[in-house]
Amino acid sequence: MQDGEGASWLAIGEMAQRAGLAASALRYYEQQGLIAGGRSAGGRRQYPRHVLRRLAFIRAAQLMGLTLPEIRAALASLPDERTPTKADWEKLSRQWLPLIEARMAELQRLHDKLTGCIGCGCLSLKACKLYNPDDQAAAKGAGARYLAGDLPGL
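Residues numbered from 1 in each chain as written. Predicted model: local features only at pLDDT ≥ 70, side-chain atom pairs only at ≥ 80, totals over all residues. Heavy atoms only, no water.

**Considering the overall build of the chain**
Stage number 1. Helix and strand content of the chain: six helices and three strands.
Stage number 2. Listing each helix as α and each strand as β along the chain from the N terminus yields β-α-α-β-β-α-α-α-α.
Stage number 3. At 23 Å, the chain has a C-alpha radius of gyration far larger than the 15 Å of a compact globule built from 154 residues.
Stage number 4. Each principal axis of the C-alpha distribution contributes one length, and for the chain these read about 70 × 30 × 20 Å.
Stage number 5. The buried share of the chain, reckoned over its 154 residues, is 28%.
Stage number 6. Put simply, 50% of the contacts in the chain that link residues at least 6 apart link residues at least 24 apart.
Stage number 7. Accessible surface computed for the chain: about 9600 Å², of which carbon and sulfur atoms make up 55%. (Helix = DSSP H or I, 4+ residues; strand = E, 2+ residues; numbered from the N terminus. Rg over C-alpha atoms; globule rule 2.2 N^0.38 Å. Buried < 20%, exposed > 50% of the residue type's maximum accessible area, 1.4 Å probe, protein only. Contact = heavy atoms within 4.5 Å. Areas by Shrake-Rupley, 256 points an atom, 1.4 Å probe, with all protein chains shown as cover.)

Structure follows, in structure tokens:
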């Protein structure tokens with residue numbers, strides 16, 4: 001099928017296969033306003049072929065750790081909600097660098113502390129009795145406090 005501009009359309013199953021996603025993900029992304037499709041004469045869901053690029057953009061942004069609201073905002077910033085171009089990607093990805101760098105620092109902190117006491121309050125490891133005596137980390141808040149960036153004894 002063709003739309004008015006000559007772009008070919010793909011059935012939801014074919015689009016899902018080409019994008020490497022489940023059809024349910026496409027329906028969800030459409031519901032969230034990230035992609036737009038239409039219906040065939042028989043009522044079946046279909047998408048213009050250019051949606052493949054939007055899906056690749058969404059997936060790449062997710063791999064960088066962006067949330068769907070962040071991705072939606074990025075896509076909404078494009079004129080006429082068009083498919084992102086290479087220049088769009090470069091501009092948007094530069095804006096995301098501080099976020100990515102912060103997440104990398106979080107992952108490095110996780111990497112560095114994963115084999116020791118994480119301040120969760122279990123007090124079951126010998127090291128925890130040294131780093132978190134009497135669960136002092138609990139005063140700093142819920143969860144694994146040392147993984148969250150708190151330092152033992154401070």
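**Some thoughts on a nonpolar patch on the surface**
Stage number 1. The grouping of Leu107, Leu110 and Leu114 at the surface amounts to a nonpolar patch, some 290 Å² of accessible area in total.
Stage number 2. For leucine 114, the position within the fold is in the loop between helix H5 (86-113) and helix H6 (126-131). (Patch = residues over 30% accessible without salt bridge, like charges linked within 9 Å, V, L, I, M, F, W, Y side chains within 5 Å. Salt bridge = Lys/Arg side-chain N within 4 Å of Asp/Glu carboxyl O.)

**Things to note about unusual backbone geometry**
Stage number 1. If you check the backbone angles, aspartate 134 has positive phi at about 55° while not being a glycine.
Stage number 2. Of note, aspartate 134 is situated in the segment after H6.
Stage number 3. Using a relative accessible area of 74% as the deciding quantity, one classes aspartate 134 as exposed.
Stage number 4. Of note in the backbone geometry, aspartate 135 takes a positive phi value of approximately 55° without being a glycine.

**A word on the packing of aromatic side chains**
Stage number 1. As enumerated under the stated definition, the model contains four aromatic pairs in all.
Stage number 2. Ring geometry for tyrosine 28 and tyrosine 29: centres 6.5 Å apart, planes at 50°, overall tilted.
Stage number 3. Residue tyrosine 29 is classed as buried on the basis of its relative accessible area of 7%.
Stage number 4. Through pairs of rings, three or more aromatic residues link up here, namely Phe57, Trp89 and Trp96. (Phe/Tyr/Trp six-rings, centres within 6.5 Å; stacked < 30°, edge-to-face > 60°.)

**Focus on the sheet that holds strand S2 (residues 38-39)**
Stage number 1. An order of S1-S3-S2 is seen for the three strands of this open sheet, with the pairing classed as antiparallel. Edge positions in the open sheet fall to strand S1 (9-11) and S2, since each of these has one partner strand only.
Stage number 2. Pairing of S2 with strand S3 (residues 45-48) involves two bridges; the strand directions are antiparallel. Within S3, the position partnered with glycine 38 by the bridge is glutamine 46. (Pairing = 2+ DSSP bridges.)

**Notes on the confidence of the model for the chain**
Stage number 1. When pLDDT is averaged along the chain, the result is 84, and 94% of the positions lie at 70 or above.
Stage number 2. Overall, residues 1-6 carries pLDDT values under 50, and its contacts beyond four positions in sequence, including any with other chains, amount to nine contacts. (pLDDT = per-residue confidence, 0-100.)

**Things to note about the pairing of S3**
Stage number 1. One ladder, built from three bridges, connects S1 with S3; its direction is antiparallel. By the bridge assignment, alanine 11 is partnered in S3 with glutamine 46.
Stage number 2. Between S2 and S3, which pair antiparallel one after the other, the connecting turn spans five residues, and glycine 43 there sits at a positive phi close to 90°.

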